[in-house]
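Take a look at the letters that make up each chain.
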Amino acid sequence: MTDMGTSRIIPRSAGLSDPDAEEIPSRQTFTVDEAAAILGISRSTAYECIRDGSLPALRFRRRLVVTRAALEALLGTASPSV
């Protein structure tokens, strides 16, 4: 989906109904593409950040995922405790 005012693309799988929403979806892990969309960076920049350690990620065999906690730490947000 694209926002008509900008060229920013957010994958539907990111769970964001509103591209300008500041809330991170309730899932605990995100693909690198989803994390990049949430952070507002490109996919290649996200992979570079994972490589240099500035974006923490978990590797499960060949799959990389970014945790919700890592995104919240980078964005300075925290979801309320339930």
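Before reading further, recall that the structure is shown in the block above.
Residues numbered from 1 in each chain as written. Predicted model: local features only at pLDDT ≥ 70, side-chain atom pairs only at ≥ 80, totals over all residues. Heavy atoms only, no water.

Colleague: What is the right way to look at the packing of helix H1 (residues 32–39) against helix H3 (residues 68–75) in this model?
Modeller: When two helices pack together, their arrangement is given by the angle between the helix axes and the distance between those axes. At a minimum axis distance of 11 Å, the contact between H1 and H3 shows a crossing angle of 20°. With respect to H3, the axis of H1 lies roughly parallel. Every pair of crossing elements has a handedness; the one defined by H1 and H3 is right-handed. Along its contact with H1, which presents Ala35, Ile38 and Leu39, the element H3 presents Leu71, Leu74 and Leu75. Looking at the contact of H1 with H3 residue by residue, the class counts come to six nonpolar, no polar and no charged. (Axes fitted to C-alpha atoms, helices over the stretch in contact; angles between N-to-C directions. Helix = DSSP H or I, 4+ residues; strand = E, 2+ residues; numbered from the N terminus. Parallel < 35°, antiparallel > 145°, perpendicular 65-115°, else oblique. Left-handed = near helix turned anticlockwise from the far one by under 90°. Contact = heavy atoms within 4.5 Å. Nonpolar A, V, L, I, M, F, W, Y, C, P; charged D, E, K, R; others polar.)

Colleague: I tried to follow the pairing of strand S3 (residues 63–67) on my own but got confused; where do I start?
Modeller: The side chains of a regular strand alternate, residue by residue, between the two faces of the sheet. When strand S1 (residues 29–31) meets S3, the two strands line up antiparallel, connected through three bridges. Across the sheet, residue Thr29 finds its bridge partner in S3, namely Thr67. In this sheet, S3 lies alongside strand S2 (residues 58–60) in antiparallel orientation, the contact comprising three bridges. Note on S3: the bridge partner recorded for Leu58 is Val65. Turn length for the S2-S3 hairpin, with the two strands adjacent in sequence and antiparallel, is two residues, and the turn residue Arg61 shows positive phi of about 55°. (Pairing = 2+ DSSP bridges.)

Colleague: Would you mind going over H3 with me for this structure?
Modeller: Since there are 3.6 residues in each turn of an α-helix, residues three or four apart along the chain are aligned in direction. If you check which residues of H3 are buried, you get Arg68, Ala70, Leu71 and Glu72. Buried residues along H3 sit in contact with S1, H1 and S3. The first or second residue beyond H3 is Gly76, which carries a positive phi of 70°. (Buried < 20%, exposed > 50% of the residue type's maximum accessible area, 1.4 Å probe, protein only.)

Colleague: What am I meant to see in helix H2 (residues 43–52) here?
Modeller: Taken together, the buried positions of H2 are Ala46, Cys49 and Ile50. Axial view of H2: buried residues confined to an arc of 100°, hence all on one face. In H2, those exposed residues whose orientation departs by more than 90 degrees from the buried face are Arg51 and Asp52. Looking at the buried side of H2, the elements it contacts are H1 and S3. Backbone geometry just downstream of H2 places Gly53 in the positive-phi region, at approximately 90°. (Arc of directions from axis to C-beta.)

Colleague: Please clarify how the environment of Arg63 should be interpreted in this entry.
Modeller: In this fold, Arg63 is placed in strand S3. Along the primary structure Arg63 and Val32 are separated by 31 residues, whereas in three dimensions their C-alpha atoms are 9.4 Å apart. Leave out the neighbours within four places in its chain, and Arg63 touches Thr31 and Leu58.

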